[in-house]
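Structure assessment
Here's the letter readout for the chains.
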Amino acid sequence: MGMGGPPPAKIHDAGRTLRQLLGRLRPELPLIAIVVLLGTGSVVLSVIGPKIIGNATNVIFDGIVGKMLPAGLTKEQAIALLQAHGKGQIAQMVSGMNVTPGVGIDFTALGQILLLAVAVYLFASVLMWAQGYLMAGVAQRTVYAMRRDVEAKLSRLPLKYFDSHPHGDVLSRVTNDVDNISTTLQQGLSQIVTSVLTVVGVLAMMLWISWLLALIALVTVPLSVVVTLLIARRSQRQFAAQWKWTGSLNGHVEEMHTGHALVQAFGRRARAREIFDEHNQKLYEASFRAQFLSGIIQPAIQFLANLNYVAIAVIGGYRVATGTMTLGDVQAFIQYSRQFTMPIMQIAGQMNLLQSGLASAERVFELLDAEEESSDVDTGARLGDVTGEVALEHVNFRYEPDKPLIDDFNLQVLPGQTVAIVGPTGAGKTTIVNLLMRFYDIDSGRIRVDKVNTAEIPRDEVRRAFGMVLQDTWLFAGTIRDNIAYGKEGATEEEVVAAAQAAHVDSFVRTLQKGYDTVLDEDASDLSSGQRQLLTIARAFLADPGILILDEATSNVDTRTEVLIQKAMAQLRRGRTSFVIAHRLSTIRNADTIVVMDGGKIVEQGSHAELLRREGFYYRLYNSQFTEAWSAEGNGQAPAAASHAPARA
Amino acid sequence: MLIRLLRAYARPYAREIGIVVVLVVIQSIGNLYLPNLNADIINNGVAKGDLTYIWRTGAVMLGITLVLGVIAVGGVYWASLASMGVGRDLRGAVFGSVQDFSAREMNRFGTPSLITRNTNDVQQIQLFLQIALTMMVSAPIMAVGGVIMALREDVQLSAVLVVVIPALAAIVAFMFVSAVPLFRSLQVKIDRINQVLREQIMGVRVIRAFIRAGYEDRRFEQANYDLTSTALRVNRIFVIAFPAVLAVMNLTTVAILWFGGHLVDSGQMPIGNMTAFLQYILQILMSLMMAIALVILVPRAEASSARLQEVVTATPSIEEPADTVQPSQLTGVVELRNVTFGYPGGEKPVLHNVDFRLPPGQTTAIIGGTGSGKTTLLNLIPRFFDVSEGGLLVDGVDVRKQSLEHLWGRLGIVPQRAYLFSGTVATNLRFGNEGATDEELWHALGVAQARDFVEAMAGGLAAPIDQGGTNVSGGQRQRLAIARALVKRPGIYLFDDCFSALDAGTDARLRAALRADTRDATVLIVAQRVSTIMHADRIIVLDEGRVEGIGTHAELMATCEPYREIVDSQLGEAAVA
């Protein structure tokens with residue numbers, strides 16, 4: 001039944017994952033033991049129940065038959081009497097019963113038996129409830145701890161992990177997979193124990209009551225399993241097809257919706273609809289087949305159960321009539337056989353659940369086992385008030401060992417100086433940021449801030465010295481105030497407002513209905529990219545760092561906001577050492593040092609004048625990209641060499 | 001909401017649903033009849049020692065069982081036809097509805113949400129319908145039938161039901177009242193924790209740069225604690241249900257044996273009837289339990305149907321008039337007459353009294369900062385939005401009077417964000433003109449300065465393009481989007497800031513080629529970069545939705561202060577890359 005989940009994910013090492021999962025459950029082991037005990041208790045009681053009820057039926061039936069026989073006789077005499085009257089059949093039956101001729105139902109005995117049944121059943125339910133109650137705690141606490149560990153792990157993973165894994169994949173591990181484990185623990189584990197115990201217990205009771213009937217019941221069990229497997233295998237194939245078509249339909253829908261205006265304006269609606277209908281029809285066919293096939297499992301099992309019921313009714317009735325079995329036992333047996341197929345079906349479902357849970361667990365453990373950032377070296381040195389002197393000495397760095405990137409890079413920056421990092425898009429300008437902030441560790445050489453080697457102090461201490469405004473303006477779901485206050489632990493209201501004023505965003509915020517209490521939604525889509533940028537600048541103002549890292553790119557920002565951003569950035573830079581990923585000529589020309597990057601590598605460094613004189617990469621870059629705008633200014637400032645500058649795309 | 005949706009979309013499947021209901025009724029009656037036969041076996045066979053009666057009745061039971069099996073499979077067959085068919089039709093309806101959406105509705109819903117609705121929500125409805133048809137229909141029949149049969153067996157003993165059914169109803173009500181709201185709040189908390197984690201992953205650099213891992217830990221801890229305690233409450237309520245129902249069922253059995261025993265003893269009821277009675281009671285309770293399980297599905301299906309209904313019933317804000325007016329002459333003139341435009345709910349209009357005329361054979365450029373209303377203005381021409389006041393005429397006829405397909409056929413649009421569709425270079429280029437020859441494609445590529453890189457791509461025109469065009473660079477994407485519009489050969493071109501990813505040289509060459517190729521057409525270019533538009537025949541300066549000046553570069557430099565400001569800010573500090 002059901003729609004069938006996505007095709008079950010493959011598990012690479014189920015044993016190892018299971019061990020790891022059990023390891024996580026270790027703190028809960030005493031409780032789990034109690035859960036298992038309670039489960040066992042409730043199963044045993046539920047299994048005994050029908051037998052007790054059967055005994056009650058027997059007492060009733062004994063009474064009925066007893067009443068029909070003349071009083072005063074012993075059971076043997078009564079049987080002889082019946083045989084003498086040619087009622088051998090009934091005589092046989094009576095011989096198998098506990099009958100006192102002439103005496104009706106023994107209500108004292110019946111009452112006692114039924115009271116026992118009440119006690120057993122109530123106790124079974126209480127135990128079952130207690131088991132579920134405790135297991136909920138076990139599951140939720142375990143998942144709580146797992147979530148906590150995963151989150152903590154995120155802050156210990158090196159940046160490299162985030163850069164080399166798709167964000168969606170990491171996110172899916174820490175959310176969907178953890179949720180899936182939660183479901184598995186809550187529903188799967190305790191039920192599997194219960195189901196297996198029930199199957200064993202019921203089987204034992206059935207064998208005890210009548211091995212012949214048990215045999216009949218057992219024939220239908222493998223039959224049910226085989227039928228289920230046969231159908232399930234076919235329906236699984238259809239479910240896979242259903243998923244495939246869902247995927248292709250979604251792909252089409254996504255594309256048509258994303259390019260909605262184009263589809264309309266280019267007159268493609270009819271064609272888009274045709275393709276949609278094709279996919280939709282295929283999806284319908286596959287899902288119909290999947291639904292139908294998986295849907296007939298239930299009636300098939302029901303049919304087998306009914307067959308079983310008929311067989312037990314007939315053969316049981318025959319045996320009661322021939323005195324080889326009591327009516328109560330037949331009744332108990334019918335109940336047992338009904339209890340038997342259900343847990344078997346459940347086990348199949350739980351195995352699926354367990355499998356998908358283990359696959360999720362494996363993915364989560366992979367994350368938890370991922371290599372962490374090297375631990376901080378702490379020589380006790382501290383940066384204190386940063387003057388902003390930065391020195392890169394013989395720095396070597398590669399993202400991948402076999403791809404040379406930065407070799408023997410040297411750079412001396414005095415307090416208050418500006419370093420411009422330039423290069424075409426994709427030149428790897430953020431690499432320098434990564435190294436300065438120790439998002440990545442250099443392979444050899446030294447980076448010193450105020451003469452202190454940054455490798456010899458905790459990373460947080462290094463980062464405290466820097467303020468960063470990136471193009472990727474990260475804001476979180478929260479108020480504008482919280483987002484600005486992010487720059488400094490425990491910032492006061494005055495500090496937040498002052499920072500906003502410095503970043504020229506205060507007046508904008510005040511135009512909003514709720515001002516600083518405006519809650520930004522997750523992607524802060526209610527702000528323009530320029531406004532977002534200003535907020536992140538305010539954040540950096542608040543942090544008041546000794547050294548700045550700025551990404552100047554201001555694409556998609558309107559002219560007015562751009563002016564504000566430039567002003568704010570200039571103000572922020574005042575008196576601070578800054579590393580600027582530069583896009584404006586003024587910044588570049590006024591920089592103390594320009595670091596030119598291409599293809600991930602540093603290809604040149606020097607002042608604007610030096611680099612132009614060298615007529616190297618910077619010279620060509622500068623000419624190809626500024627010529628047009630330059631000549632447009634019409635004031636004859638275009639470099640003389642512009643005419644033979646090679647064009648660069 | 002659910003009912004309304006089902007009533008509309010299940011109607012075409014009335015026949016299938018009718019068959020399912022009939023089959024389920026037969027099946028339920030059959031299932032109810034089996035214990036009756038079993039009672040007969042005990043009363044007439046076992047109690048009287050009549051073996052042939054036992055065998056004969058057994059054979060009848062077997063026959064019924066077989067028929068029931070076949071009927072059940074039939075029920076699943078028609079139920080699947082109906083529920084999956086409803087799903088298919090719903091998907092088609094949602095897609096069809098969205099196809100007619102204007103930009104306003106697209107923005108309101110958003111693509112990801114529309115996709116979720118088209119898959120997950122439809123699936124919820126399908127699942128609900130399937131289960132409703134196969135199980136929910138049988139539950140009341142079994143319950144009512146069970147009560148009738150129980151009464152038939154013995155009226156006095158049926159008094160037990162008076163106690164049992166309310167007890168069970170109380171359990172169901174408790175579950176429903178306490179668990180359903182908790183389920184909703186659980187979902188909110190799951191969303192919250194996912195949000196925090198998403199932010200931590202996306203913002204990892206900022207978090208580390210500002211050393212706020214501790215703050216993030218506390219934020220997460222709060223969310224995690226909230227989620228865990230809610231989940232614990234939900235689960236602890238949930239684990240009450242099954243034991244409670246089981247207890248009620250078992251106690252009922254005991255009660256029947258006790259009271260039934262007395263009835264049997266006093267000869268008021270044969271023992272076989274008591275056994276049958278027991279089975280009826282269990283059947284009633286089982287169907288009620290099934291109903292509990294199904295009731296849990298209702299809120300989810302409700303929510304899904306509300307979300308679907310919202311899309312299906314959304315009326316596009318842009319609709320064609322019943323009688324469209326065909327322009328008598330395709331002059332290519334675009335005219336804005338005193339146009340004012342504001343987004344619904346927006347306080348201030350985005351465009352104020354914009355009034356100009358675009359003649360064919362001329363290139364007109366619009367410049368202005370973000371928020372000045374450039375793109376909005378451009379989007380009014382294809383009627384992605386309608387003007388609030390004033391009029392907008394294409395080919396001399398108000399766009400609101402024209403057929404949309406006709407209007408769109410006249411326009412060649414290149415949007416700001418160049419979007420390509422999965423397929424090949426050729427299928428993308430032919431997007432607006434299926435019949436274009438390869439020569440025409442190459443010509444358009446030549447004009448768009450895209451010929452060189454397409455030639456260099458493996459497969460040339462047949463080179464594959466990924467969804468969105470992610471396998472080519474931003475600049476290449478823009479040039480292919482321009483070529484796509486050129487292949488269409490429209491009378492009016494609308495270029496929305498689509499030269500931004502091109503380097504200055506390519507930009508200049510492209511504009512030169514474009515000028516030659518679109519000589520007779522009406523061309524409107526929106527741009528942020530002055531260098532892109534300063535050679536246009538006319539430049540319209542837009543600032544905060546108002547036209548601040550119209551003229552050539554030289555004229556505007558002389559007369560228009562806002563224009564000079566823009567030029568100064570850009571060329572005084574020309575941008576790199």
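See the structure shown above.
Each residue is numbered by its place in its chain's sequence as written, counting from 1. Just so you know, chain letters begin at A and ligand numbers begin at 1, following the order they were written in. For this predicted model, a pLDDT threshold of at least 70 governs which residues receive local features, and a threshold of 80 or more governs which side-chain atom pairs are given and counted, while totals over whole chains, interfaces and linings are taken from all residues. In computing side-chain properties, one takes all heavy atoms of the structure into account and sets aside hydrogens as well as water.

Secondary structure counts use DSSP, requiring at least four H or I residues in a row for a helix and at least two E residues in a row for a strand, with both numbered from the N terminus. Helix and strand counts for chain B stand at 20 helices and 12 strands. Based on C-alpha atoms, the radius of gyration is set beside the globule rule, defined as 2.2 Å times the residue count to the power 0.38. Taking 2.2 N^0.38 as the reference for a compact globule, 577 residues should give roughly 25 Å; the C-alpha atoms of chain B span a radius of gyration of 36 Å, well beyond that estimate. Think of it in three bands: with a 1.4 Å probe and only protein chains considered, a residue is buried below 20% of the maximum accessible area for its type, exposed above 50%, and partly exposed in between. Sorting the 577 residues of chain B into buried and exposed places 58% on the buried side. Here a residue-residue contact requires only that any non-hydrogen atoms of the pair lie within 4.5 Å. Taking the intrachain contacts of chain B between residues at least 6 apart in sequence as the baseline, contacts between residues at least 24 apart amount to 76%.

This paragraph deals with the interface of chain A and chain B. If you look at the interface, chain A gives 146 residues, while chain B gives 143 residues. Buried area counts how much accessible surface, traced with a 1.4 Å probe, disappears from two parts once they are put together, with both parts' losses summed. In total, about 13700 Å² of surface goes out of reach between chain A and chain B, with carbon and sulfur atoms giving 65% of it. We count a salt bridge whenever a side-chain nitrogen from Lys or Arg sits within 4 Å of a carboxyl oxygen from Asp or Glu. Run the count over chain A and chain B and you get seven salt bridges. A salt bridge links A:Glu489 to B:Arg218, with the shortest nitrogen-to-oxygen separation between them at 3.1 Å. Polar contact is defined as a pair of N or O atoms within 3.5 Å, subject to the rule that within protein one atom must be able to donate a hydrogen and the other to accept it, and that residues adjacent in sequence are counted only when both atoms are side-chain atoms. Inspection of the region where chain A meets chain B yields 33 residue pairs in polar contact (both at pLDDT 80 or more). At 23 residues, helix α5 (residues 107–156) of chain A tops the list of elements feeding residues into the side of chain A that touches chain B.

Centre-to-centre distance and the angle between the planes together describe a pair of aromatic rings. Working definition: a ring pair exists when centres of Phe, Tyr or Trp rings (six-membered ring for Trp) sit within 6.5 Å. Plane angles under 30 degrees give stacked, over 60 give edge-to-face, the rest tilted. What the rule picks out here adds up to 20 aromatic pairs over all chains. When the ring of A:Phe107 is compared with that of B:Trp258, the centres are 5.8 Å apart and the planes differ by 85 degrees; the resulting orientation is edge-to-face. A residue pair is termed interchain when its members come from two chains, as with A:Phe107 in helix α5 and B:Trp258 in helix α9 (residues 213–265). Given a relative accessible area of 18%, A:Phe107 falls into the buried group. Residue classification places B:Trp258 among the partly exposed positions, given a relative accessible area of 31%. Taking the centre distance of 5.2 Å and the plane angle of 85 degrees together, the rings of B:Tyr419 and B:Phe421 count as edge-to-face.

Once that is clear, we can look at a nonpolar patch on the surface. Taken together, A:Phe123, A:Val126, A:Trp129 and A:Tyr133 make up a surface patch of nonpolar side chains, about 380 Å² in accessible area. Within the element layout of this structure, A:Trp129 appears in helix α5. Only residues whose relative accessible area exceeds 30% and that take part in no salt bridge are eligible for patches, with like-charged residues grouped when within 9 Å of each other and nonpolar side chains (Val, Leu, Ile, Met, Phe, Trp, Tyr) grouped when within 5 Å. Shrake-Rupley sampling with a 1.4 Å probe provides the accessible areas, and residues are treated as covered by the protein chains on show and by no other component.

Residues and elements named next belong to chain B. Turning to helix α14 (residues 438–447), its buried residues are Leu 441, Ala 444, Leu 445 and Val 447. One side of α14 carries all its buried residues, which in axial view fall inside an arc of 160 degrees. Note on α14: the residue one or two positions beyond its end, Gln 449, has a positive phi of about 60 degrees. Along the arc lie the directions from the helix axis toward the C-beta atoms.

As a further point, take the pattern of salt bridges. Under the definition given, this model contains 48 salt bridges over all chains. Sharing partners across several salt bridges, the network here consists of A:Glu373, A:Asp376, A:Arg438, A:Asp441, A:Arg459 and B:Arg208.

Attention now moves to the nonpolar core. Membership of the largest hydrophobic core comes to 178 residues, with the highest contact counts inside it found for A:Ile60, A:Phe61, A:Phe409, A:Leu436, A:Phe466 and A:Phe579. Ranked by residue count, the leading element in this core is α5(A), at 17 residues. For our purposes a nonpolar core is just a set of buried Ala, Val, Leu, Ile, Met, Phe, Trp, Tyr and Cys residues, chained together by side-chain atoms within 4.5 Å. Residues B:Phe95, B:Leu336, B:Leu377 and B:Leu378 belong to the second largest nonpolar core, which totals 101 residues.

Further remarks concern the packing of α5(A) against α9(B). Running from N to C, α5(A) and α9(B) point in directions that differ by 165 degrees, and their axes come no closer than 9 Å. When the axis of α5(A) is compared with that of α9(B), the two are roughly antiparallel. When the axes of α5(A) and α9(B) are compared, the crossing they make is right-handed. Interaxial angles span 0 to 180 degrees and are taken between N-to-C directions of axes, which are lines fitted to C-alpha atoms, for helices over the stretch in contact. Note that the term roughly parallel is reserved for angles under 35 degrees, roughly antiparallel for angles over 145, roughly perpendicular for angles of 65 to 115, and oblique for everything else. For any helix crossing, the convention is left-handed if the near helix is rotated counterclockwise from the far helix by under a right angle, and right-handed if that rotation is clockwise.

A few words now on the sheet that holds strand β4 (residues 389–394) of chain B. The criterion for strand pairing is that DSSP finds at least two bridges linking the strands in question. An order of β2-β1-β4-β5 (chain B) is seen for the four strands of this open sheet, with the pairing classed as antiparallel. Among the strands making up the open sheet, the edge pair consists of β2 (351–358) and β5 (397–398) of chain B.

All names here are of chain B. Where burial is concerned, most of strand β11 (residues 538–543) is hidden: five out of the six residues are buried. Inspection of the sheet shows strand β3 (residues 363–367) paired to β11 by four bridges, in the parallel sense. Counted as the bridge partner of Thr 364 is Arg 538 from β11. Looking at chain direction, β11 and strand β12 (residues 546–551) are connected through five bridges and run antiparallel. The residue bridging Val 541 from the neighbouring strand is Gly 549, located in β12.

Keep in mind these values describe shape, not function.
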